[in-house]
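# Structural overview for review
In case you want the letters, here they are:
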Amino acid sequence: LSGGIPEWIGEFPELEYLNFNHNGFTGEIPSAFSRLTNLKHLDLSEQQVNGAPGLNGPLPDFAGLGQLSELYLYRNSIEGDIP
């Protein structure tokens, strides 16, 4: 997979486990992730593959993700404070 993570990802609020590890996603993490209120595990690590710059920009507000206990973001270009 490559390109941006689509906004429609937020249309699955019952999703609990999402592993997009080791793809070629680029751009910012969409704010649509804030609608995944049952998410427990999110792995967006290792996006810098095959010359792709990886994910960048600030983290979206994950405050509504009270179930989230595992978040993996390494090997990207994300910057700023953890909200």
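Structure first, text after, so check above.
This text gives an overview of the structure that appears in the document. (Residues numbered from 1 in each chain as written. Predicted model: local features only at pLDDT ≥ 70, side-chain atom pairs only at ≥ 80, totals over all residues. Heavy atoms only, no water.)

## Some words on the sheet that holds strand S6 (residues 70–72)
- A sheet is described by the order of its strands in space; here 3 strands give the open sequence S2-S4-S6, paired in parallel fashion. Each of the sheet's edge strands pairs with one partner strand only, and the pair in question is strand S2 (17–19) and S6. Ignoring which end each strand starts from, the neighbouring axes of this sheet average 5° apart. (Pairing = 2+ DSSP bridges. Helix = DSSP H or I, 4+ residues; strand = E, 2+ residues; numbered from the N terminus. Axes fitted to C-alpha atoms, helices over the stretch in contact; angles between N-to-C directions.)

## Details of the pattern of salt bridges
- One pass over the full model with this rule turns up 2 salt bridges.
- Here Lys-40 ties to Glu-16 by a salt bridge, and the two come within 3.8 Å at their closest N and O atoms. Of this pair, Lys-40 sits in the loop between strand S3 (24–25) and strand S4 (41–43) while Glu-16 sits in the loop between strand S1 (2–3) and S2; the two residues are 24 residues apart in sequence, bridging distant segments of the chain.
- Judged by relative accessible area, which is 36%, Lys-40 ranks as partly exposed.
- Classification of Glu-16 by relative accessible area gives partly exposed; the value is 42%.
- The salt bridge involving Arg-75 is made with Glu-46; its shortest N-O contact spans 3.3 Å. Here the residue Arg-75 occupies a position in the loop between S6 and strand S7 (77–78), and Glu-46 occupies one in the loop between S4 and strand S5 (56–57), the gap between them amounting to 29 residues.
- Exposure remark for Glu-46: the relative accessible area of 17% places this residue in the buried category. (Salt bridge = Lys/Arg side-chain N within 4 Å of Asp/Glu carboxyl O. Buried < 20%, exposed > 50% of the residue type's maximum accessible area, 1.4 Å probe, protein only.)

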